[in-house]
Amino acid sequence: MVILIALIYYFSPLMGTVSLFWILYNSRGRITWGHIRTLGILISLFLGLINTTKELTGDFLAYKEIYESALDYSYIGYLIENKKEPIYFTFSWLFSRLTHANWAVFVTFFTTVSYAVLYEAIIVTAKNISASKKDVVTVIVFTALFFQTFAMNGNMLRQSISQSFALLFLVFLFYEKKKKWMLAVLSVGVHSASIPVIGMGVIPFIRERLSPKRILLLGVTIIVLAVLFMSLSGLFSKIIFVGYIFIRLNDTKQLTGTDSWQTDVGLNAQFYILTVLIIVQAIYIYIKKQQDTITKESFGIVNVVVILMVLLLILNFGQAYFLCMRYQFFIYTFQSVLLLIFLNKCSFKYKAACEGVLCIALVPYFCYYYSFGVFKYTDIINVITYPSLLYFWK
């Protein structure tokens, strides 16, 4: 069976992925975590291959130019030239040298790792809350077909993989009480936007139900840390690798501006709909009648997502559009684990059928935004017919 799936995937990544999904969804309880991880890797790799066809524009084009320029610098010279997070640019320099700046290989690798780490966070959560494996498969498919997550993995290459590592770090911290600091270092070392989210996650009471007293304490803590952070901007702005963060924070025009690829500013109607859906899920988890059926750790992810939502609304109201844009993408990543927790708490007769309908409904949703969205990719017919290696040779 493994050889057959591999052959199908070689000649058509789409058909190989769909075949494994169909086998798992109809396996009648014989799914293992190894099967689910394999599905996650195949989906991650497939999305990475598709990402290589994205039109070169905005941040995506800038990343390509920076990646190719690595051939012109020594390792130390490359880090000094870019003056940003050293871990990402170390990998960028190494990949550029090893592949002679092959952009398709670079994009495929980073997209695959970004999704694979996100899927690992889902699986670790599932094991700790005893979630149904079919629920996990549903969430994996949801994550793959939620187009905004895919678009983010192309245009915001660094931040996407940083968010995945941040989520996995928090999942281990909340559910297994393991402080895997290497994941936090990788996250921050790839993109510094994860610093506030990881910082929020290590606050001890963030894992428990948020009472009015805790909400007040959390608000005061955030304000004090923000004021301290800003007050030290003059000192830290001169330090390599972190200085650019403080320079940006002191630039009001940049904080209220947008990236070149954005067609509008602030939160759109679609995001408000997503906000309502996420709030409904959070409320459902909070008001479950049997309190002992919800582990304390589950509230960590719920609380982080809800707090991020509130902060986004505040940033949007305050017209801090750059920060608003940056942190709304964390919602796209973190919502997958929240959805898993929500599905695990749901129990009704036609749940499996509803999950199947959700997966099917997301196909035209993905295809619509893929074909008519802001970013341009290869035609869908090519996604269906391209064999794996053609993505690298085209």
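Structure first, text after, so check above.
Cut-offs used in this document
- Residues numbered from 1 in each chain as written.
- Predicted model: local features only at pLDDT ≥ 70, side-chain atom pairs only at ≥ 80, totals over all residues.
- Heavy atoms only, no water.
- Helix = DSSP H or I, 4+ residues; strand = E, 2+ residues; numbered from the N terminus.
- Buried < 20%, exposed > 50% of the residue type's maximum accessible area, 1.4 Å probe, protein only.
- Polar contact = N/O pair within 3.5 Å; in protein donor to acceptor, adjacent residues only side chain to side chain.
- Contact = heavy atoms within 4.5 Å.
- Phe/Tyr/Trp six-rings, centres within 6.5 Å; stacked < 30°, edge-to-face > 60°.
- Lys NZ or Arg CZ within 6 Å of the ring centre and 35° of its normal.

Tell me about the side chain of Ser-164, and name the residues and values.
Examined against the element boundaries, Ser-164 turns out to sit in helix H10 (residues 157–176). Here Ser-164 falls in the buried class, since its relative accessible area comes to 2%. Side-chain polar atoms of Ser-164 contact the backbone oxygen of Ser-114, separated by 2.8 Å. Those residues in contact with Ser-164, other than ones at most four positions away along the chain, are Ser-114, Val-117, Leu-118 and Thr-333.

I'd like a rundown of the environment of Val-139, residues and numbers included.
Tracing the backbone shows Val-139 in helix H8 (residues 133–145). Separated by 216 residues in sequence, Val-139 and Glu-355 have C-alpha atoms that sit 9.0 Å apart. What Val-139 contacts, discounting residues up to four positions off in sequence, is Ile-122, Ser-336, Leu-339, Leu-340 and Leu-343.

Describe in detail the packing of aromatic side chains, supporting the description with residues and values.
Within the structure shown, the criterion is met by 40 aromatic pairs. Look at Phe-106 and Phe-110: their rings are 4.6 Å apart centre to centre, the planes differ by 45°, and that puts the pair in the tilted class. Remark: Phe-110 and Phe-106 occur in helix H7 (residues 103–129); sequence separation between them is four residues, near one turn of the helix. Here the two residues Phe-106 and Phe-110 agree in accessibility, since each one is buried. Judged by centre distance (5.4 Å) and plane angle (45°), the rings of Tyr-368 and Phe-372 are tilted. Taken together, the residues Tyr-368 and Phe-372, both in helix H20 (residues 351–372) and four residues apart, mark about one turn of the helix. In this structure Phe-372 comes out as exposed when scored by relative accessible area, which is 62%. The ring centre of Phe-375 lies 4.2 Å from the NZ or CZ of Lys-54, which sits over that ring. Lying across the ring of Tyr-88, Arg-158 places its NZ or CZ 5.8 Å from the centre.

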